[in-house]
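Listed here are the chains, written in short residue letters.
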Amino acid sequence: MNRISILILDDVPYVRRLIADELSSLGEVGMIYEAGSAPTAVRVLMEHRPEIIVLDINVPGGVVDTANYSSGIDVLQFAKSQLPDSKVIILSNNSNQYYRRECKKAGVDLFFDKTTECDLFRENSR
């Protein structure tokens with residue numbers, strides 16, 4: 001059985017751990033990679049090519065190979081350009097219509113508000 005790999009990008013280690021624990025309970029999950037910044041997430045994407053990518057929007061930024069990644073939206077755009085078959089989920093407190101629209105334009109597969117829609121995320125991960 002092929003096991004899927006997952007990247008979780010969130011700047012709060014506790015939140016990354018909660019998401020990882022929730023997802024690791026699924027039988028099909030193999031490796032779970034964690035990143036606390038956009039540049040680290042881009043490096044993980046390039047090296048490990050995960051099938052599922054869970055991103056927060058407001059994360060520390062930085063430069064990778066002369067490109068600036070300042071948010072989870074930048075990572076979303078990179079992921080969709082380099083790993084078009086990977087599924088990208090935004091899980092963020094920045095859930096107003098502007099961010100939802102920007103993520104949709106970038107090709108997000110699912111968007112959840114951490115504050116009000118986390119139960120939907122749990123239901124969809126099962």
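First, a word on what this report is: a plain description of the structure on this page. (Residues numbered from 1 in each chain as written. Predicted model: local features only at pLDDT ≥ 70, side-chain atom pairs only at ≥ 80, totals over all residues. Heavy atoms only, no water.)

Notes on the packing of aromatic side chains
Considering all chains together, one arrives at two aromatic pairs under this definition. When the ring of Tyr98 is compared with that of Tyr99, the centres are 5.2 Å apart and the planes differ by 75°; the resulting orientation is edge-to-face. Classification of Tyr98 by relative accessible area gives partly exposed; the value is 45%. Overall, the relative accessible area of 24% leaves Tyr99 in the partly exposed class. (Phe/Tyr/Trp six-rings, centres within 6.5 Å; stacked < 30°, edge-to-face > 60°. Buried < 20%, exposed > 50% of the residue type's maximum accessible area, 1.4 Å probe, protein only.)

Digging into the side chain of Asp56
Turning to its location among the elements, Asp56 is positioned in the loop between strand E3 (52-55) and strand E4 (62-64). Among the polar contacts made by the side chain of Asp56, one reaches the side chain of Ser92 at a distance of 3.1 Å. Sequence-distant contacts of Asp56, defined by excluding residues within four places in its chain, comprise Leu9, Asp10, Asp11, Gly72, Leu91, Ser92, Asn93 and Lys114. (Helix = DSSP H or I, 4+ residues; strand = E, 2+ residues; numbered from the N terminus. Polar contact = N/O pair within 3.5 Å; in protein donor to acceptor, adjacent residues only side chain to side chain. Contact = heavy atoms within 4.5 Å.)

Note that all results are geometric; they support no functional claim without further evidence.
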